[in-house]
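An overview of the molecular structure
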Amino acid sequence: MSITAPLTVAEREKWTNQFESHLADRLQWAITYVREQRPKPTRLKPYGDSLIALLHQARAYPQLAQPVVTLILALHPLPERWGQWTVWDEMLQAGAAIAATHRWQRQQAELLAYRAQLLWLCNRCGEASETARDALPLAQSLAALLPLGVAGAALVNALSALGQVEEARTQLSCLLKQTAVLQPTSPSAAYTTAMRSLEHSQ
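Cut-offs applied
- Residues numbered from 1 in each chain as written.
- Predicted model: local features only at pLDDT ≥ 70, side-chain atom pairs only at ≥ 80, totals over all residues.
- Heavy atoms only, no water.
- Helix = DSSP H or I, 4+ residues; strand = E, 2+ residues; numbered from the N terminus.
- Buried < 20%, exposed > 50% of the residue type's maximum accessible area, 1.4 Å probe, protein only.
- Expected span 1.5 Å × (residues − 1).
- Arc of directions from axis to C-beta.
- Contact = heavy atoms within 4.5 Å.
- Core = buried A, V, L, I, M, F, W, Y, C linked by side-chain atoms within 4.5 Å.
- Salt bridge = Lys/Arg side-chain N within 4 Å of Asp/Glu carboxyl O.
- Axes fitted to C-alpha atoms, helices over the stretch in contact; angles between N-to-C directions.
- Parallel < 35°, antiparallel > 145°, perpendicular 65-115°, else oblique.
- Left-handed = near helix turned anticlockwise from the far one by under 90°.

Each helix and strand counted, the chain has ten helices and zero strands in total. Its helices and strands taken in sequence order, the chain reads α-α-α-α-α-α-α-α-α-α from the N to the C terminus. For the chain, the C-alpha atoms occupy an extent of roughly 75 × 35 × 30 Å along the three principal directions. Counting the 202 residues in the chain, one finds 45% classified as buried.

Put into structure tokens, the structure is as follows:
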């Protein structure tokens, strides 16, 4: 019986680089495909598990941080709608941590806001409140309406569910005022999303 010799350091490094390059190509293809298919998300559902598996593989490589975060944002909220709440919570948390490491504050704010929203939907209201409070200062410092509205709605809903009704009302009033102030300098789609989120909060 033949015994395979262990890989040398150079061979191992070459294999790792080739695998990383392969992952980078797959990520770029996935980002393009997801963006193209977003108007018809049912076409993406059969590939949901494969896309999440790709993210799990790629997030271990620091050099792939940007496409990993980009793909997570491109996919959201589809895995949530497909019922993959636990795995998508993990992915949003990982994406926010990656963004924080690289000081990509806008992406970090969005990922934290989306995670706060998901945590509230999962009835994890204490965690939702904490995560929303992490997202809001970033969103406010960037004058970013989308994460401001999403995180703000998650915070209001979580506080209401926790019985902190007066604080929820106070937060909602402040958030609506901030949204109105930012409207003239914000994209209309971001303003619409923020207002819709806040108006539907409890």
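It is worth spelling out helix H9 (residues 165–182) at this point. With 18 residues, H9 extends 26 Å from end C-alpha to end C-alpha; this agrees with the ideal 26 Å at 1.5 Å per step. Every buried residue belonging to H9 is among Ala-168, Leu-172, Leu-175, Thr-179 and Leu-182, and all of these are buried. Down the axis of H9, the smallest arc covering the buried residues is 95°, so these residues share one side. Turned more than 90 degrees from where H9 packs its buried face, Glu-166, Arg-169, Lys-177 and Val-181 sit exposed. Contacts from the buried residues of H9 go to helix H7 (125–142), helix H8 (145–161) and helix H10 (188–199).

Attention shifts here to the environment of Leu-172. One can find Leu-172 in helix H9. Of the residues examined, Leu-172 reaches a relative accessible area of 18% and is grouped as buried. The residues touching Leu-172, leaving out its near neighbours within four places in the chain, are Val-156, Leu-198 and Ser-201.

Of all hydrophobic cores here, the largest spans 57 residues; its most connected members are Leu-27, Leu-55, Val-68, Leu-71, Ile-72 and Trp-88. It is H8 that contributes the most residues to this core, eight residues altogether. Other than its neighbours up to four places away in sequence, Leu-71 contacts Leu-27, Ala-30, Ile-31, Val-34, Leu-54 and Leu-55.

For the rest of this paragraph, the subject is the pattern of salt bridges. Scanning the model with the defined rule gives six salt bridges in all. In this structure, Asp-89 engages Arg-115 in a salt bridge whose closest nitrogen and oxygen atoms are separated by 2.5 Å. Taken together, the residues span a long stretch of sequence, with Asp-89 in helix H5 (residues 85–101) and Arg-115 in helix H6 (residues 105–121) at a distance of 26 residues. For the pair shown, Asp-89 and Arg-115 are each scored as buried. Glu-167 is the salt-bridge partner of Arg-133, the closest N and O atoms lying 2.7 Å from each other. Placement of Arg-133 in helix H7 and of Glu-167 in helix H9 is noted, with a sequence separation of 34 residues between them. On the basis of relative accessibility, which here comes to 36%, the residue Arg-133 falls in the partly exposed class. Of the residues examined, Glu-167 reaches a relative accessible area of 31% and is grouped as partly exposed. A network of salt bridges, in which partner residues are shared, links Asp-89, Arg-115, Arg-124 and Glu-127.

Our focus in this paragraph is helix H2 (residues 48–58). Buried within H2 are the following residues: Gly-48, Leu-51, Ile-52, Leu-54, Leu-55 and Ala-58. With its buried residues spanning 155° around the axis, H2 presents them on a single face.

The next point concerns the packing of H8 against H9. Where H8 contacts H9, the two axes come as close as 8 Å, and the packing angle between them is 165°. If you check the angle between H8 and H9, you find them roughly antiparallel. Crossing handedness for the pair H8 and H9: left-handed. Listed contacts from H9 to Leu-145, Leu-148, Gly-152, Leu-155, Val-156, Leu-159 and Ser-160 of H8 are Val-165, Glu-167, Ala-168, Gln-171, Leu-172, Leu-175, Gln-178, Thr-179 and Leu-182.

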